[in-house]
Amino acid sequence: MKIFLDTANVGEIKEAAKLGFLDGVTTNPTLIAKEKRKFEDAIREICEVCAGPVSAECITERFEDLMPEARRLAKLASNVVVKIPLTREGLKAVRACSQEGIKVNVTLCFSANQALFAAKAGATFISPFIGRLDDAGHEGMQVIRDIVQIYRNYAFKTEVLTASIRHPLHVLEAAKAGSHVATLPFAVFEKVIAHPLTDAGVAKFLEDYRKIPR
Ligand code: E4P
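Values in this document were obtained by computation on a predicted structure and should not be read as measured data.

A.B. asks: Help me understand the sheet that holds strand E2 (residues 24-26), please; the structure alone is not making it clear to me.
C.D. replies: Pairing between the strands of a sheet comes from backbone hydrogen bonds, and it takes one of two forms, parallel or antiparallel. The 8 strands are arranged E1-E2-E3-E4-E5-E6-E7-E8 in a closed barrel whose pairing can be described as parallel. The sheet shows a mean angle of 30° between the axes of neighbouring strands, taken without regard to direction. Both strand E1 (residues 2-6) and strand E8 (residues 181-184) contribute to a ladder of 4 bridges, which runs parallel. Bridged to Phe-4 within E8 is Thr-183.

Written as structure tokens, this is what we have:
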């Protein structure tokens, strides 16, 4: 499973990239607004720090507006993936983008049927928001399982990108379901690495090592 970071904070991306296996980054307007900097500047810098796919989201809604916006965002850097919401107008733009060779991450997906249509439109990635589904009383992870099964049934090339992850159990379940990608907030990224028994074990071994006669 590829690991993306779900952030627009360049410091967090640099920190995660030090591990050497950060595969990409997802952003959205909310995450970029938190950084209090210009949208294009943020995307360009993130694309320099992370060589993998970097999602940059369109904010227009009509097909006629989405296409020039998608083309503009795609030109910011060679690793930009344009994010387009899963709406009727959005799907038209996904289809047109895929015909033009623009990579698209279809965002704000909340059902497996929506994901089926996104794949048929030619999406590069589909982003089901599992945390928001859980918040609304649904089982977000079941949507991931259903999409993985549907994509396998029909050999779709679209990659399932598990999004709106809230805790390490979401990461584990996404991996078990066969999600191609999981995008993690930095706090979850850190929680996946850390375990209190690992810390206690390291401390104990160090303590005992010091007792070994030299
Ligand atoms: C995905 O690309 C989105 O940026 C993100 O995962 C949304 O997560 P949230 O529901 O925590 O805002």
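Let's pick the thread back up.
A.B. asks: Any chance you could explain the packing of aromatic side chains here in plain terms?
C.D. replies: To describe a pair of aromatic rings, you give the distance between the ring centres and the angle between the ring planes. According to the stated counting rule, one finds 5 aromatic pairs in the structure shown. Relative to Phe-189, the ring of Phe-186 has its centre 6.2 Å away and its plane inclined at 15°; by these criteria the two rings are stacked. Separated by 3 residues within a single helix, Phe-186 and Phe-189 lie in helix H10 (residues 186-193), roughly one turn from each other. In this structure Phe-186 comes out as buried when scored by relative accessible area, which is 15%. Here a set of aromatic residues connected by ring pairs shows up, and it is made of Tyr-151, Tyr-154 and Phe-156.

A.B. asks: Would you take a moment to explain the side chain of Thr-158 for this structure?
C.D. replies: Position of Thr-158 among the secondary structure elements: in the loop between helix H8 (140-154) and strand E7 (159-162). Judged by its relative accessible area of 3%, Thr-158 falls in the buried class. Separated by 2.8 Å, the side chain of Thr-158 and the backbone oxygen of Ala-123 make a polar contact. The contact partners of Thr-158, leaving out residues within four places of it in the chain, are Ala-119, Ala-123, Thr-124, Phe-125, Ile-126, Tyr-151 and His-180.

A.B. asks: Please clarify how the nonpolar core should be interpreted in this entry.
C.D. replies: Within soluble globular proteins, side chains that are nonpolar tend to cluster in buried spots. Counting 62 residues, the largest nonpolar core has Ile-84, Ile-126 and Ile-147 as its most contacted members. A total of 7 residues in this core trace back to one element, the largest contributor, which is H8. Counting 7 residues, the second largest nonpolar core, distinct from the first, contains Val-81, Phe-125, Phe-129 and Ala-163.

Reading the values: the criteria
Residues numbered from 1 in each chain as written. Predicted model: local features only at pLDDT ≥ 70, side-chain atom pairs only at ≥ 80, totals over all residues. Heavy atoms only, no water. Pairing = 2+ DSSP bridges. Helix = DSSP H or I, 4+ residues; strand = E, 2+ residues; numbered from the N terminus. Axes fitted to C-alpha atoms, helices over the stretch in contact; angles between N-to-C directions. Phe/Tyr/Trp six-rings, centres within 6.5 Å; stacked < 30°, edge-to-face > 60°. Buried < 20%, exposed > 50% of the residue type's maximum accessible area, 1.4 Å probe, protein only. Polar contact = N/O pair within 3.5 Å; in protein donor to acceptor, adjacent residues only side chain to side chain. Contact = heavy atoms within 4.5 Å. Core = buried A, V, L, I, M, F, W, Y, C linked by side-chain atoms within 4.5 Å.

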